[in-house]
Amino acid sequence: MRRVNRLRDAGLLTALLIMLAAPCPARAQATAPAEDLVGALAGLETAPDIDIAAICQQALERPKSKATAQPVNRPPLVPELLKLPQANFDVLFDPDSSIIRPGSYRTLGRIADTLTDPALLPYRFLIVGHTESGGRRDHNLIVSQRRADAIRDVLVTTFKVSPKRLKAIGLGEEQLLDAAHPTAPVNQQVQVVTVGKVL
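All values reported here derive from a predicted model rather than from experimental measurement.

Chemist: Can you walk me through the overall build of the protein chain in this structure?
Modeler: Regarding its fold elements, the protein chain presents 7 helices and 4 strands. Counting contacts in the protein chain only where the partners sit at least 6 residues apart, residues at least 24 apart contribute 78% of the total.

Chemist: Would you explain the pairing of strand β1 (residues 86-89) in this entry?
Modeler: Along a regular strand, successive side chains alternate from one face of the sheet to the other. Only one face of β1 is buried: it carries Ala87 and Phe89, and the other face, with Gln86 and Asn88, is open. Pairing of β1 with strand β4 (residues 190-197) involves 4 bridges; the strand directions are antiparallel. The residue of β4 that forms the bridge with Asn88 is Gln191.

Chemist: I keep staring at the sheet that holds strand β3 (residues 166-170) and nothing clicks. Help me out?
Modeler: Strand pairing in a sheet relies on backbone hydrogen bonds. The paired strands run either parallel or antiparallel. Read across the sheet, 4 strands follow the order β1-β4-β2-β3 without closing on themselves; strand pairing throughout is mixed. Across the chains shown, the open sheet's two edge strands, defined by having one partner strand only, are β1 and β3. The average undirected angle you get between the axes of adjacent strands in this sheet is 25°. Here helix α7 (residues 137-157) sits on the sheet in contact with β2 (123-129), β3 and β4, set at roughly 160° to β3.

Chemist: Help me understand the pairing of β2, please; the structure alone is not making it clear to me.
Modeler: Among the 7 residues in β2, 6 count as buried, and that is most of the element. Inspection of the sheet shows β2 paired to β4 by 6 bridges, in the antiparallel sense. Across the sheet, Leu126 pairs through a bridge with Val193, a residue of β4. By the bridge criterion, 5 bridges tie β2 to β3 in an arrangement that is parallel. Counted as the bridge partner of Ile127 is Ala168 from β3. Handedness of the β2-α7-β3 crossover: right-handed.

Chemist: Please clarify how the nonpolar core should be interpreted in this entry.
Modeler: Grouped burial of nonpolar side chains is what soluble globular proteins tend to show. Ranked by internal contacts, the top residues of the largest apolar core, which has 41 residues, are Leu115, Ile151 and Leu155. Broken down by element, this core gets its largest block of residues, 7 residues, from α7. With residues up to four places along the chain from it excluded, the contact list for Ile151 reads Val91, Phe93, Ile100, Leu108, Ile127 and Val190.

Chemist: Would you mind going over the pattern of salt bridges with me for this structure?
Modeler: Oppositely charged side chains can form a pair if their charged atoms are brought close together. If you walk through the whole model with that rule in mind, you get 4 salt bridges. Among the ionic pairs, Arg62 bridges to Glu174, the shortest N-O distance being 3.2 Å. Here Arg62 is found in the loop between α4 (52-61) and α5 (79-82), whereas its partner Glu174 is found in the loop between β3 and β4, with 112 residues between them in sequence. Its relative accessible area of 11% is what places Arg62 among the buried residues. The partner of Arg101 in a salt bridge is Asp94, with the nearest N and O atoms 3.5 Å apart.

About the cut-offs
Each chain has its residues counted from 1, following the order in which its sequence is written. Given that this is a predicted model, residues contribute local features only at a pLDDT of at least 70 and side-chain atom pairs are listed and counted only at 80 or more, while totals for whole chains, interfaces and linings are drawn from all residues. Water and hydrogen atoms were dropped before computing side-chain values, which therefore reflect all heavy atoms in the structure. By definition, any uninterrupted DSSP run of H or I lasting at least four residues is a helix, any uninterrupted run of E lasting at least two residues is a strand, and each is numbered from the N terminus. Residues count as neighbours in contact if any of their non-hydrogen atoms are within 4.5 Å of one another. Burial classes follow relative accessibility: with a 1.4 Å probe on protein chains only, a residue under 20% of its type's maximum area counts as buried, one over 50% as exposed, and anything between as partly exposed. We call two strands paired when DSSP finds no fewer than two bridges between them. A fitted line through C-alpha atoms represents every axis, and for helices the fit uses only the stretch in contact; the resulting angles, taken between N-to-C directions, go from 0 to 180 degrees. Look down the strands so they point away from you; if the path from the first strand over the helix to the second goes clockwise, the crossover is right-handed. Take the buried residues of types Ala, Val, Leu, Ile, Met, Phe, Trp, Tyr and Cys, join any two whose side-chain atoms come within 4.5 Å, and each joined set is a nonpolar core. Definition used for salt bridges: Asp or Glu carboxyl oxygen within 4 Å of a side-chain nitrogen of Lys or Arg.

In structure tokens, the structure reads:
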């Protein structure tokens, strides 16, 4: 009887290990293949005229406007970004902080692998930080800038992406990815946008 129980337990353990080793469909869908990311960021034909300093100034002044008090009433601060090749990524931070959680370094590695793909080496990129709508808008703007800077710093120092190819800007909640749902998790995603060719 004990031998039968041990064999049954061993069989259950083997089945469990096989199930854990098999790829999870939900996890596979959440992670786009590298070719898809390269394709999403490639193909920029004309470099837009984006003045990052001017955009930062506009973002700082916009929370003072009553016309944009409600998230659904805010037009995109930089509509040009919406037309450019881009990809969005979930990078997790400590609450109200620019400290990247260790589990997100794998995502940053994927971003670095994508940006250093031979097809993308001629391009420059803008890392755009966002936050969901909640709390003070001016504070969210500062946090999103620090988060975008932190991602850029990790890509440059840890993953050796050329600093000449990367700029960072935080738009806080001034250009929500899903303005119809201001508190949606998608609004915390980081955008990587192709903005031009390396000079």
